[in-house]
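# Chain and residue survey
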Amino acid sequence: MIETKLGDFEEVILLIVGILGEQAYALNIADEFEAQTKRAVSIGAVHSTLTRLADKGFLESKMGEASAERGGRRKRIYEITAAGQRALENSRDFKVSLWNQFPAFADKLNFSF
Amino acid sequence: MQSPPQLAQKFINWFLKEELAEEVLGDLEEKYYRKLKETSVTKAKLNYWFQVLNYLRPFALKKYRSNSNNFIMINNYYKVAWRHIAKEKFYSFINISGLAVGIASCIFIAFYVLNELSYDQYHENLDRTYRVLQGFKANEDLDTPPVPEEYRFWGNAPIGPALKEEIPEIEHFCRFTPGHSKLIKVNDELYNEDGVVFGDSTAFKVFSWKVIAGNPDLALTEPNSIVLTESQAKKYFGNEDAMGKIVTYNQTVECKVTAIMEDVPLNSQFRFDAIISMKTFYNERPAIFDSWGYVDFYNYITLKENTTIEAIKPRITDVVEKYTADWEQSKFYADVEPMDGSYLNSVAKRQAGKMGSISNLIIFSIIGAFILIIACINFINLSTARSLERAKEIGIRKVVGARQFSLVNQFLSEFFLLSLFAGVLAIAIVIVLAPNFFGLTGVEITSTDIFNIEFALTFVSGIAIIGLLAGFYPAFLLSKFQPSKVLKGNFKTGSSGVILRKGLVTFQFILTIALIIGTTTIYNQLKFLQNHDLGFSKEQVLVMEFGFDTQVQLNIEALKNEFGNDPDVTEVSASRAVPGNFLPNAGTLIENKAGEMEPHSPTIYEIDPDFIPFYDIKMLSGRPFSYDYYSDSTEALMINMAAVKLWGYTDPEEVIGKKFSQWGKEGKVIGVVDDFNYKSLHSEVEPLSLRYEPFSMAKFSLKINTDDVFQTIQRLESKWKTLIPQRPFTYYFLDDNFDQQYRADNQFAQLFASFAILAIIIAFLGLFGLTTYTTTQRIKEIGIRKVLGASVQSIVLLLSKDLFKLLVIAFLIASPLAWFAMNKWLAGFAYQTSINAGIFIIAAIAISVIAFGTMSWQSVKAALQNPTNSLKNE
């Protein structure tokens, strides 16, 4: 059975795929991750996660166009599926609910989306 | 423009799934060119490699599908090997655990040996640094220079500067004083320190001790500076910053902390807790820095690079001759020896710290080899004995086309697997027992020692060698079986294997018996040393130190009285040293038979008249010092029997009344004491002179008679605090202190015994496995014998008879070998126990009990069994 929970790192990667849109391929995702989190990551690690997310059905991919700086090779563009979208929403709602139960913040924070 | 590293590309193409190749290589290349814009080519290439290595993940790897025969066969070997190991749990356990304990012992021994070899190796200038040795040549054979054993690594102050001045190849000299007990005061707290030394400002140029705070080049250049080690700084100042703080030496000399250094590593021969600058000492006693006769320094020199010691050695005597005005008279010699290896190799009489022993290292390495051999023999014995079980498998393999070579391969890979298990288990044992090992040897094994590349490489190659060693013969034996014979069903293991097994078991017995004899002899010798009559009494003696305090020396008799008033104290004596301490030597002239004043330098004891009766030292002639003769403190000398002989007398009466001259005193010899062992029994009692010198005292000896030592000490302490407030109260018991001289011996004995016991256990584990196997083989025979009327005893006898023969042979071979080896070991002691028949009887009984115990476990069980059980199913 394929695990359908969303890990922390997976969640971030999934979101970045969403942010990057048409430019979401492994290298760009890794660079964006480094830029946003200031944490170093290897392309291999990201690629591995992307593959896993695709196995879980949260991502779809197709081959994109080639360019010169890639030695004429094509890239694989990733895209969030409906299931992926749902997983992200579930994860967010779960955390918001936890935040709301946290007494120190329950009344002071007002999340609105 | 630079393209990505080709090798990395080849590498990733090799392991990456083909369907991923396009996108991944594309990404990597794009990343590479992005990097190139930001940084250098090298960094971009490094990053490329980094990214490639990070693709070594399961999802990206090619599925390894090989149809090659080799691959399938190797897989099969391991599968069969694993099944075999799992099926025969008992024998696998014996094989693996025996080998594991053997490997673990070897790892421990290797760490011990490497640690001993690592002494002082961390100094960067080690290859250019030499130790200056000094020796005097008294009277006889004035023209032959001293032999190495007559030198001391202990010399005077001016020789270092003189050598540097005269020999331009010398870059630095560095002197240290030994850490005699020093009074240190910090923040009104008093400490009696044995680890505070004086040292030259070149200390950090010659030696590679790391300075944590302060400037190493300047720290010791000024007078009244002190460098503390990290733990000493912590002891004095806790967590405060110690830099710039004041440490008071000798009540009045205020020293500023100018640097903090790391603790001197444990694998250093010369260790200390703090260095006070040599100039401080110079200000205190300037005269000794010109005196070639005052000896109390450890001298080191460092040569300039690209110079050799050979060029310098011959010139040293010239320098010494030039500087010592009356060289012809004093015959003072100096020599140098490399600091590298001096911990193990130096034979000089006095050293700056503890010494290692090459022979111990050799002994332990041999034991390590013994243990490994014993474990490998177990392996060979069990595998060959049980070859019958594999015979069918081998037959089938051969019939379907396996060649001998591939069968050898199969068995070897099986044995590698076993030794790999054993190795992993061994590492677990090492990790678990590391604290015990530390307690025994002081050698620390940390996880970084084990989990590093060097260890891993040694370990893997070690495992391979062991697998080969243990598996080579069985592999060849097994692979030689002829399939037609084996598969017909009436195959029995060949007799060649039996002879070999007997030979190997005998060999194991030989090693085991030798180890038992060795262990017993070592313990006998230690007991002998500790019970040997020392010639003085050391029981119930408490020693209190006041470290040459002038206040105390001035009131010495009154203070002795005060302490003697304590109800539990029966006797009190004061002296400069007590037995077990190191003593200075004194140039001494005594009138010889021919009436000439003859010079020698015996060691010197400075005592009071109570000392001789206090320590029960036997007088051979004359009288001891007495308070009744006023002149005893100025014109009298006592010597021991060894000194009597040194000056050419045979009868102690003859020397009484002869003239002497020593350290500014002149007068007559008044008494001769018997040779008491004032140092350890490793060496013969050396010539000794004793004088009464109230102003050289440093210690009180108190004889205590009490059931509650703790209370007595508390009372003495409070008395001390009122009488001698300027000194800390430091005390020890003489017998504890004296026995510390045997600590290295005890450590050696414990280590030896531990490893010997391990070796014996492994050997008998193997014997146990082997007898279990052979007994089960003969179970039907036993059944038939019982049916025909054999008694249990006769069957046990039958099964043990062979073993008994082997034991006798092993004993006959082992005894003379062990006797020879232990005699050599004992030769290192001046006082030796004899190797008597008792030791051999003990060894014979011990080995028989263990061997027959192991054996009878199985044979009695087999003999008691109801024959119907073994015979009913045929």
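What you see is a predicted model, and the numbers here were worked out from it, not measured in a lab.

## Regarding the overall build of chain A
On a plain count of helices and strands, chain A comes out with five helices and two strands. Along its sequence from the N terminus, chain A presents helices and strands in the succession α-α-α-β-β-α-α. Going through the 113 residues of chain A one by one, you find that 37% of them count as buried. Restricting the contact set of chain A to residue pairs at least 6 apart, pairs at least 24 apart contribute 48%. Summed over its atoms, the accessible surface of chain A is roughly 6700 Å², and 54% of this surface lies on carbon and sulfur atoms.

## Structural notes on the overall build of chain B
Of the regular secondary structure elements, chain B holds 32 helices and 25 strands. In summary, chain B has a C-alpha radius of gyration of 36 Å against a globular reference of 29 Å for 874 residues, an excess of more than 25%. By principal-axis analysis of the C-alpha atoms, chain B measures approximately 105 × 95 × 60 Å. A buried classification covers 51% of the 874 residues belonging to chain B.

## As for the packing of helix α21 (residues 556-564) of chain B against helix α26 (residues 709-723) of chain B
All names here are of chain B. Where α21 meets α26, the axes come as close as 11 Å, and the angle between the chain directions of the two elements is 150°. Judged by the angle between their axes, α21 and α26 are roughly antiparallel. α21 and α26 meet at a crossing whose hand is right-handed. On α26, the residues touching L559, E562 and F563 of α21 are L716, K719, W720 and L723. Here the residues of the contact of α21 with α26 are counted per class, giving five nonpolar, no polar and two charged.

## Quick notes on the environment of D217(B)
Residues and elements named next belong to chain B. Summarising the element assignment, D217 is placed in the loop between β7 (211-213) and β8 (225-229). When its relative accessible area of 41% is taken as the criterion, D217 is described as partly exposed. Taking the C-alpha atoms as reference, D217 lies 8.8 Å from A203; in sequence the two are 14 residues apart.

## Here's the deal with the pairing of strand β5 (residues 189-193) of chain B
In regular strands, side chains alternate between the two faces of the sheet. All names here are of chain B. Here strand β4 (residues 182-186) runs beside β5; their pairing, made up of five bridges, is antiparallel. Counted as the bridge partner of K185 is L190 from β5. Where β4 folds back onto β5 in an antiparallel hairpin, the turn is made up of two residues, including N187, whose phi is positive at roughly 50°.

## Details of the interface of chain A and chain B
Taken residue by residue, the interface counts 21 residues in chain A and 19 residues in chain B. Of all residues in chain A, the largest losses of buried area upon contact with chain B belong to I43(A), H47(A) and R73(A), amounting jointly to 29% of the total for that side. Here chain A is connected to chain B by seven salt bridges. The residue R74(A) makes a salt bridge to E22(B) at a minimum N-O spacing of 3.2 Å. Counting every contact that joins chain A to chain B gives 15 residue pairs in polar contact (both at pLDDT 80 or more). In terms of residues, the side of chain A that touches chain B owes the most to one element, helix α3 (residues 43-56) of chain A, which gives six residues. Tallied by class, the residues present in the side of chain A that touches chain B amount to seven nonpolar, seven polar and seven charged.

## So, the pairing of strand β12 (residues 295-303) of chain B
All names here are of chain B. For β12, the buried fraction is high: nine of the nine residues fall into the buried class. Both strand β1 (residues 129-136) and β12 contribute to a ladder of four bridges, which runs antiparallel. Residue pairing across strands places Y130 opposite I301, the latter belonging to β12. Across two bridges, the pairing between strand β2 (residues 155-156) and β12 is antiparallel.

## Section: the UniProt feature "domain: Transcription regulator PadR N-terminal" (unreviewed entry) in chain A
UniProt annotation of "domain: Transcription regulator PadR N-terminal" (unreviewed entry) refers to residues 17-89 of chain A when read in the numbering used here. Helix makes up 52% of residues 17-89 of chain A and strand makes up 21%, while its end C-alpha atoms are separated by 15 Å.

## Focus: the UniProt feature "transmembrane region" (unreviewed entry) in chain B
Residues and elements named next belong to chain B. Per the UniProt annotation, the sites labelled "transmembrane region" (unreviewed entry) are residues 93-114, 361-382, 415-435, 455-478, 499-523, 748-770, 803-822 and 834-855. Within residues 361-382, the helical portion is 100% and the strand portion 0%, while the C-alpha atoms at the span's ends are 32 Å from each other. Between the C-alpha atoms that bound residues 415-435 the distance is 31 Å, and the span itself is 100% helix and 0% strand.

## Considering unusual backbone geometry
Residue and element names in this part refer to chain B. Its identity is not glycine, yet N187 carries a phi of approximately 50°, on the positive side. Tracing the backbone through its elements, the reader meets N187 in the loop between β4 and β5. Of note in the backbone geometry, Q540 takes a positive phi value of approximately 60° without being a glycine. Turning to its location among the elements, Q540 is positioned in the loop between α19 (495-531) and β14 (541-545).

## Quick word on the side chain of T129(B)
As for its placement among the helices and strands, T129(B) is situated in strand β1. With residues up to four places along the chain from it excluded, the contact list for T129(B) reads V206(B), Y300(B), I301(B), T302(B), P338(B) and M339(B).

## Quick look at helix α14 (residues 387-399) of chain B
Residue and element names in this part refer to chain B. Helix length check: α14, at 13 residues, gives a terminal C-alpha distance of 18 Å against a target of 18 Å (1.5 Å per residue), a fit within 8%. At E393, α14 shows its maximal kink, close to 25°. Of the residues making up α14, those classed as buried are S387, R390, A391, I394, G395, R397 and K398. Where α14 is buried, its residues touch α4 (69-87), α13 (358-385), α15 (404-441), α17 (453-479) and α18 (483-488). G401 occupies a position one or two residues after α14 and carries a positive phi of about 115°.

## Points about the environment of F582(B)
Residue and element names in this part refer to chain B. Position of F582 among the secondary structure elements: in the loop between β15 (569-575) and β16 (588-591). As a C-alpha pair, F582 and R350 span 232 residues in sequence and 9.3 Å in three-dimensional space. Beyond its immediate chain neighbours, meaning those up to four positions away, F582 contacts W154 and R350.

## Concerning the pattern of salt bridges
Using the criterion set out here, one finds 40 salt bridges over all chains in the structure. For R691(B), the salt bridge is made with E606(B), and the minimal N-O distance between the two is 3.6 Å. On the criterion of sequence distance, the pair formed by R691(B) in strand β23 (residues 688-692) and E606(B) in strand β18 (residues 603-607) is long-range, its members being 85 residues apart. The exposure classification of R691(B) matches that of E606(B), with both residues buried. Ionic pairing is found between R691(B) and E693(B), a salt bridge with its closest N-O pair at 3.7 Å. You can call R691(B) buried: its relative accessible area is 4%. By relative accessible area, which is 15% here, E693(B) ends up buried. One continuous salt-bridge network, built from bridges that share partners, spans D31(A), R70(A), D27(B), E30(B), K31(B) and R34(B).

The rules behind each value
Residues numbered from 1 in each chain as written. Chains lettered and ligands numbered in written order. Predicted model: local features only at pLDDT ≥ 70, side-chain atom pairs only at ≥ 80, totals over all residues. Heavy atoms only, no water. Helix = DSSP H or I, 4+ residues; strand = E, 2+ residues; numbered from the N terminus. Buried < 20%, exposed > 50% of the residue type's maximum accessible area, 1.4 Å probe, protein only. Contact = heavy atoms within 4.5 Å. Areas by Shrake-Rupley, 256 points an atom, 1.4 Å probe, with all protein chains shown as cover. Rg over C-alpha atoms; globule rule 2.2 N^0.38 Å. Axes fitted to C-alpha atoms, helices over the stretch in contact; angles between N-to-C directions. Parallel < 35°, antiparallel > 145°, perpendicular 65-115°, else oblique. Left-handed = near helix turned anticlockwise from the far one by under 90°. Nonpolar A, V, L, I, M, F, W, Y, C, P; charged D, E, K, R; others polar. Pairing = 2+ DSSP bridges. Buried area = accessible area lost by both parts, 1.4 Å probe. Salt bridge = Lys/Arg side-chain N within 4 Å of Asp/Glu carboxyl O. Polar contact = N/O pair within 3.5 Å; in protein donor to acceptor, adjacent residues only side chain to side chain. UniProt positions renumbered as here; feature names shortened; annotations may be inferred. Expected span 1.5 Å × (residues − 1). Bend = angle between axes of the 7 residues up to and from the residue.

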